[in-house]
Structure formats: structure tokens, C-alpha cells
Amino acid sequence: MTTMSHQATSHDWAAHATATLAEAGYRRGGARSAIVELLAKQSCARSALEIEDALRTGSRRVGRATVYRVLEELERLELVSRIEVGQQTARYEPLHPDRTRHHDHLVCDGCGDLIPFRDDDLERALQRVSARLPFMVGEHELVLHGHCAGCRP
Ligand SMILES: [Zn+2]
Ligand SMILES: [Zn+2]
């Protein structure tokens, strides 16, 4: 298993998201673009609250209702994936059309930290399982709960 470094996921997702939004008839600019730009810089998932906070320091103020509405739009267009981390907290991260960017998550039930990881054996095992199922498997999201090094009892 490899945990992933927090490198920026560049602008290719932003370009993909912008094109998809335009195709779906959404206008460019405003809060939607600000949120896409912000998400493009994230290497892993952020909560709506964190996104709202990050936007507050920017040039324009984006309200909470708008953040939630835009995240819902992005999720519906399969541009972001929504990760449930417990305590009714969802986090959102860019969903790359390029599957090599895929990763899964560890969640610390102590401090709530979200740690991205990728395991190629696990991915292959899931592909084998998918092939046996009478079901067309698309995306998956896997969240392993436990305790991080700092919270381990
Ligand atoms: Zn992630
Ligand atoms: Zn922890």
C-alpha cells in the first residue's frame, strides 16, 4: 500500500470540468468557476465547510448554500466524487476521467483525518470481482476506518 503525497492535481481536471459544465449549459464564471479552480488544486477530498473557508480568503465571497449547490451539480455531472466520512460529513474531490489518478481513503475515527492511499493489488482484486458479477461496475469508493499514528490507543 502506498499513501499518496499531496501534490497538486493540475489544471487538466479544471479544463475537463469547465468543458463538461459548458456542455451541460452552465455559464462560465462566478462561484462555480471559483469552486472548480479551488478543487483543481486539491490532491484529496475537502468538506464543503473547508471549501467555503478557503473561498472566504479569496477575492469573492461565496455563501454556504451556493457551495453546496455547486458541489451537487459537480457530483451529478460526475466531476467530483463524494466521500462519506461519518458524522454526516461528506467530502468532495475531483473525479479524474483518467483512472490512473484513482485512489481510496483511510479515515481516522479519532481526529477525522482523511488519508489517500492506492493499492494496485486491491484494484486488481476489485476488477476480478467486478468481472464475476452480473453487474456493470463503474466507480468505486473505498473508505477504511481506523486510527492514525497520532490517535492509535
Ligand atoms: Zn482523496
Ligand atoms: Zn487521527
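Residues numbered from 1 in each chain as written. Chains lettered and ligands numbered in written order. Predicted model: local features only at pLDDT ≥ 70, side-chain atom pairs only at ≥ 80, totals over all residues. Heavy atoms only, no water.

### A word on the coordination of the zinc ion (ligand 1)
Cys 44 (SG), Glu 93 (OE), His 103 (NE2) and His 105 (NE2) make up the full set of protein donors to the zinc ion (ligand 1), lying at 1.9 to 2.3 Å. Around the zinc ion (ligand 1), the four donor atoms are arranged such that angles at the metal cover 99 to 121°; this shape is classified as tetrahedral. Written as a sequence motif, the donor arrangement for the zinc ion (ligand 1) is C-x48-E-x9-H-x1-H. In this pair, Cys 44 is assigned in the loop between helix 2 (30–40) and strand 2 (46–47) and Glu 93 in strand 4 (residues 90–94), connecting sequence segments 49 residues apart. Comparing Cys 44 with Glu 93 shows no difference in burial state: the two are buried. (Donors = N, O, S within 2.8 Å, 3.2 Å for Na, K, Ca; no water. Tetrahedral: all angles 85-135°; square planar, octahedral: opposite > 155°, others 65-115°. Helix = DSSP H or I, 4+ residues; strand = E, 2+ residues; numbered from the N terminus. Buried < 20%, exposed > 50% of the residue type's maximum accessible area, 1.4 Å probe, protein only.)

### Some thoughts on the layout of surface pockets
Estimated volume of the second largest pocket: approximately 240 Å³. Lining the second largest pocket are Arg 99, His 102, Arg 118, Asp 120, Glu 123, Arg 124, Leu 126, Gln 127, Ser 130, Val 137, Gly 138 and His 140. Here the element with the most residues in the lining of the second largest pocket is helix 5 (residues 120–132); it accounts for six residues. (1 Å grid on protein atoms, 1.4 Å probe; cavity = no way out; pocket = protein on both sides within 12 Å on 5 of 7 lines; lining within 4 Å. Points joined across faces, edges and corners; volume = space filled by probe spheres on them.)

### Notes on the coordination of the zinc ion (ligand 2)
Only Cys 108 (SG), Cys 111 (SG), Cys 148 (SG) and Cys 151 (SG) from the protein reach the zinc ion (ligand 2) as donors, at distances of 2.3 to 2.4 Å. For the zinc ion (ligand 2), the four donor atoms in the first shell make angles of 105 to 116° at the metal, so the coordination geometry reads as tetrahedral. On the primary sequence, the residues serving as donors to the zinc ion (ligand 2) are separated as C-x2-C-x36-C-x2-C. Taken together, the residues Cys 111 in the loop between strand 5 (104–108) and strand 6 (114–118) and Cys 148 in the segment after strand 7 (143–146) connect sequence positions 37 residues apart. Relative accessible area serves as the criterion here: at 48%, Cys 111 is assigned to the partly exposed category. A residue is classified by how much of its surface remains accessible, and Cys 148, at 17% relative accessible area, is buried.

In short, the description is geometric, and any link to function would need to be established separately.
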